[in-house]
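# Observations on the three-dimensional arrangement
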Amino acid sequence: MTIRLFDTMAGSVREFVPVEPGRVRMYSCGPTVYGTAHVGNFRSFLFGDLLSRYLRYRGFDVTWVMNVTDIDDRIIKGANREGITIQELSEKYRRLLVADMETIGIRMPDVMPKATDNIPQMVELIQALLDKGHAYRTEDGSIFFRIASWPEYGQLARIDPAGMRVGERVEADEYGKDDVRDFALWKGPKPGEPSWDTAIGPGRPGWHIECSAMSTRFLGQPFDIHTGGVDLIFPHHTDEVAQSEAATGRKFVNYWLHNAFLQMGAQKMSKSLGNIERVSEIVDRGVPRRALRLALQSAHYRAQLTFGEDSLQAATSAIDRLDALYAALAAYRNDGAGDAKLDSLLAQSRTAIEDALDDDLNVSPALAALFDLVRELNRRIDARTLSTADAAKTTAFLRDVDRIFGIAPEQEGSLPPELQALLDERAAARAGRDWAASDRLRDALAERGILVEDTRDGQRWRRTE
């Protein structure tokens, strides 16, 4: 087994070798909770989920950390506008974030730290930078990282610090810093803004210091993988590298992985452009949540993904085919000897999926291999070459590889008694050739989210979303 990942710092695909054999420590930049996250954000979160799922499938013990930024200029403005505390505002949107993650099947990260719960760690890191001459204070109590003190600055983004322009979230002159390129580690107190009394003085943290402090607190330094969108390479991740390595003298991260944007037509999806869609809105208009997940993870993470009705319809059709196969396998009955070539088919499919994902998490051919298998299994079901035992073996195989993709239907448990009674009544109606009653009961079950189909093995059912 050799997993290869594209490392932004190296600018090339590298064999993945964890710091500690058998264990992976991974950090993903999470959201700033000043509003409801949109599906463009969830492409990044799903990338982290898919990567952690695959690493676990491959046998690694994974610790996945994804932060929540709950102190930010936009949070402060939103809280003041609504007349509530920043804690109340950020917690409202954090809960909505978690609900949306659960909706599309993102497994919760092992740790989801909030910035405001890690102020002491940030203060400790900033003090180390002050002590080593990489940071300085301004008259208003702010503290800045001195880019001129760190010659390696900019390697991740491949920029020359001497010609660097001020980025969107690098304040130019608001805090009276020495060099326009320097970035805020700590912001001095201001009226109407939250402030913490600390060993480095009162104030609140800058954006970049939060991720450095939280990642190293929970994962150590260096840790294995840091993920995020390409828009975070500069300045956010570039600044993380500088402050973390300057403070400790050690490498910060071994592999930097960045996902491309989600496109709405020809434009990046973003709140500033106003072309956003939210998870709850898409699901509320009838798109199955697993189809939304499939649409968002159907392309390689470094390729731009165009999102719209066409991609959602294609994903919905794929999910329908998958669900129909699971239902067919559950209902299938054949006491014959079985398919002598089934084990080879399943082994070939597993190899094709793993080879694709080992190659920089190339999900497109991996999904193609999965749905090629779906088509071939349907052919064998129609030809009655499988045995009942084969059907059970195949279902177990599909469940196993779905640990990676997270798109299979939920495993069917026993139905509530009233629904089971309707199914039994319908089976009796068909046995008695009472077609009108059979159709009426099928419609009644459909209204309750149970789709019933009639096959040569009898009626089979599956839940609808």
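Thresholds, definitions, all that
- Residues numbered from 1 in each chain as written.
- Predicted model: local features only at pLDDT ≥ 70, side-chain atom pairs only at ≥ 80, totals over all residues.
- Heavy atoms only, no water.
- Core = buried A, V, L, I, M, F, W, Y, C linked by side-chain atoms within 4.5 Å.
- Buried < 20%, exposed > 50% of the residue type's maximum accessible area, 1.4 Å probe, protein only.
- Contact = heavy atoms within 4.5 Å.
- Helix = DSSP H or I, 4+ residues; strand = E, 2+ residues; numbered from the N terminus.
- Pairing = 2+ DSSP bridges.
- pLDDT = per-residue confidence, 0-100.
- Phe/Tyr/Trp six-rings, centres within 6.5 Å; stacked < 30°, edge-to-face > 60°.
- 1 Å grid on protein atoms, 1.4 Å probe; cavity = no way out; pocket = protein on both sides within 12 Å on 5 of 7 lines; lining within 4 Å.
- Points joined across faces, edges and corners; volume = space filled by probe spheres on them.
- Nonpolar A, V, L, I, M, F, W, Y, C, P; charged D, E, K, R; others polar.
- Salt bridge = Lys/Arg side-chain N within 4 Å of Asp/Glu carboxyl O.
- Axes fitted to C-alpha atoms, helices over the stretch in contact; angles between N-to-C directions.

The biggest cluster of nonpolar side chains holds 76 residues, and the ones touching the most others in it are F42, L55, I225, L292 and F405. When near neighbours in sequence (up to four residues on either side) are disregarded, F42 contacts A37, L97, D100, M101, I104, I106, V279 and L296. Ranked by size, the runner-up nonpolar core spans 47 residues in total, among them I75, I76, A135 and W256.

Time to look at the pairing of strand β7 (residues 183-187). Burial of β7 is extensive: five of the five residues sit out of reach of the surface. Where strand β6 (residues 143-145) meets β7, three bridges bridge the pair, whose relative direction is antiparallel. Its bridge partner being in β7, I143 is matched across the sheet by W186. In this structure, β7 lies alongside strand β8 (residues 204-205), joined through two bridges in antiparallel fashion. The residue of β8 that forms the bridge with W186 is P205.

To continue, consider unusual backbone geometry. A cis geometry characterises the amide bond from Q221 onward to P222, with omega recorded as 0°. Relative to the helices and strands, P222 resides in the loop between α5 (207-219) and β9 (223-229). One non-glycine residue, D360, lies in positive phi territory at about 60°. Secondary-structure assignment places D360 in the loop between α10 (342-358) and α11 (363-383).

Bringing the side chain of D7 into the picture now. By secondary structure assignment, the location of D7 is in strand β1 (residues 4-7). Look past the residues within four positions of D7 in its chain and what remains in contact with it is S12, R14, N254, Y255 and W256.

Right, let's get into the confidence of the model for the protein. Here the protein shows a mean pLDDT of 92. Residues at 70 or above account for 93%. Per-residue pLDDT stays below 50 along residues 165-175; that stretch engages in 30 contacts with residues further than four places along the chain or on separate chains.

As a further point, take the packing of aromatic side chains. Under the definition given, this model contains ten aromatic pairs. Taking 5.8 Å as the distance between ring centres and 20° as the angle between the ring planes, the aromatic pair formed by Y54 and Y57 counts as stacked. Taken together, the positions of Y54 and Y57, both in helix α1 (residues 39-57) and three residues apart, correspond to about one turn of that helix. In terms of burial, Y54 and Y57 fall into one category: buried. Measuring from centroid to centroid gives 5.1 Å for F145 and F183, while their planes differ by 15°, and the two rings are stacked. Here F183 lies in strand β7 and F145 lies in strand β6, a separation of 38 residues in the sequence.

This structure, assessed with the given rule, holds three cavities of 30 Å³ or more. In this structure, the largest cavity occupies an estimated 80 Å³ of space. Lining the largest cavity, in full, are R43, L46, F47, L50, L296, Q297, A299, Y301, L361 and V363. In terms of residues, the lining of the largest cavity owes the most to one element, α1, which gives four residues. Of the residues that constitute the lining of the largest cavity, the class distribution is eight nonpolar, one polar and one charged.

Here we come to the pattern of salt bridges. Summed over the entire model, instances satisfying the criterion amount to 30 salt bridges. Note that D400 and R403 form a salt bridge whose closest N and O atoms lie 2.8 Å from each other. Of this pair, D400 and R403 both sit in helix α12 (residues 388-405), three residues apart, which is roughly one turn of that helix. Salt bridges here are not isolated pairs; linked through shared partners, they connect D73, K187, E193 and R204.

Moving on, we come to the sheet that holds β8. Strand order in this open sheet of four strands is β5-β6-β7-β8, and the pairing throughout is antiparallel. With partners counted over all chains shown, the strands left at the sheet margins are β5 (135-137) and β8, one partner each. Relative to β7, helix α4 (residues 119-131) is tilted by about 125°, and along the sheet it contacts β5, β6, β7 and β8.

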